[in-house]
Amino acid sequence: MSVDNSTTGQQTPFITPVRNLRLAILDMSGTTITDDGITEQAMARALQEQGIGAGSAQYDSMLGYARDTMGISKITVFEHLFEHNPGQAAAANRTFETVYDELVKDGGVRAIDGAADTIAWLREAGLQICLATGFGRHTQNTILESLGWMGMADLSLCPADAGRGRPYPDMILTAVLALDLDDVREVLVVGDTTSDMLAGLRAGAGVVTGVLTGAHTEAALRAAGAGVVVPSIKELPAVLQGR
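Residues numbered from 1 in each chain as written. Predicted model: local features only at pLDDT ≥ 70, side-chain atom pairs only at ≥ 80, totals over all residues. Heavy atoms only, no water.

**Things to note about empty space enclosed by the protein**
Tallied over the entire structure, the rule returns three cavities of 30 Å³ or more. Estimates place the volume of the largest cavity at around 90 Å³. Along the walls of the largest cavity sit Ile-25, Leu-26, Asp-27, Ala-132, Arg-166, Tyr-168, Met-171, Ile-172, Val-189, Val-190, Asp-196 and Ala-199, which together make up its complete lining. Elements supplying a minimum of two residues to the lining of the largest cavity: strand E3 (23-27), helix H8 (170-178), strand E8 (187-191) and helix H9 (194-203). Here the element with the most residues in the lining of the largest cavity is E3; it accounts for three residues. Among the residues making up the lining of the largest cavity, the classes are represented as nine nonpolar, no polar and three charged. (1 Å grid on protein atoms, 1.4 Å probe; cavity = no way out; pocket = protein on both sides within 12 Å on 5 of 7 lines; lining within 4 Å. Points joined across faces, edges and corners; volume = space filled by probe spheres on them. Helix = DSSP H or I, 4+ residues; strand = E, 2+ residues; numbered from the N terminus. Nonpolar A, V, L, I, M, F, W, Y, C, P; charged D, E, K, R; others polar.)

Shown next as structure tokens:
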């Protein structure tokens, strides 16, 4: 059996019936929520606070790297950008979190259309829910509170909870242990970045699904390990039912 899961009409084999899945690990920014570009705004401010002039070649290169690595822990991104100055990396991350939190409180995030309905559908289908992010814990909680999503998931994880963020499999494996699953093949991973796909692949998740509402293209998601790509999380129930 195959389903039309791509914007190009490509037929993708349906691998794992929903009845064999027990846990959905859903990315936040770009997958279940949209922040209308405030991640980049906060990143830009963080760079400027560290003396990186807007419009300079260094600024453009650093911001380009941040775009390319969406989904990866923000402190990890800053540690790469300021690899010779750990103190500067930590300061940039603090600025990022402060600015992002302010923008969130100003109404800068909203749920992606159909995300809450899909989460409810997954629950009704018998799956537990884990919301995962590359942000820090305080920022993750600020987002969840702003949306009224505290308590929506069985578990929420950030990189600090697991040891390493994506593209490492640590958050997925932490969720498997925390929620007492027997087999990582019972896990569905959904995300909008290549790091989400790599983490799912490396963990051995049963279904690794990309969505096109965030950072990366269908080609990039498939190259990174996505077995299924859908326009948005809204289409996920139909795919899992083989429609």
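**As for the packing of helix H4 (residues 86-105) against helix H6 (residues 137-147)**
The geometry of H4 relative to H6 is characterised by a closest axis approach of 10 Å and an angle of 5° between their N-to-C directions. Relative to H6, the element H4 lies roughly parallel. Where H4 abuts H6, its residues Glu-97, Tyr-100, Asp-101, Val-104 and Lys-105 lie against His-138, Thr-139, Thr-142, Ile-143 and Ser-146. When grouped by side-chain class, the residues that make up the contact of H4 with H6 number three nonpolar, four polar and three charged. (Axes fitted to C-alpha atoms, helices over the stretch in contact; angles between N-to-C directions. Parallel < 35°, antiparallel > 145°, perpendicular 65-115°, else oblique. Contact = heavy atoms within 4.5 Å.)

**Brief notes about the pattern of salt bridges**
Enumeration over the complete set of coordinates arrives at twelve salt bridges. A salt bridge links Glu-186 to Arg-22, with the nearest nitrogen and oxygen atoms 3.3 Å apart. Of the two residues, Glu-186 sits in the loop between H8 and E8 while Arg-22 sits in the loop between strand E2 (11-13) and E3, which places them 164 residues apart along the sequence. A residue is classified by how much of its surface remains accessible, and Glu-186, at 17% relative accessible area, is buried. Salt bridges sharing partners connect three or more residues here, namely Arg-22, Asp-182 and Glu-186. (Salt bridge = Lys/Arg side-chain N within 4 Å of Asp/Glu carboxyl O. Buried < 20%, exposed > 50% of the residue type's maximum accessible area, 1.4 Å probe, protein only.)

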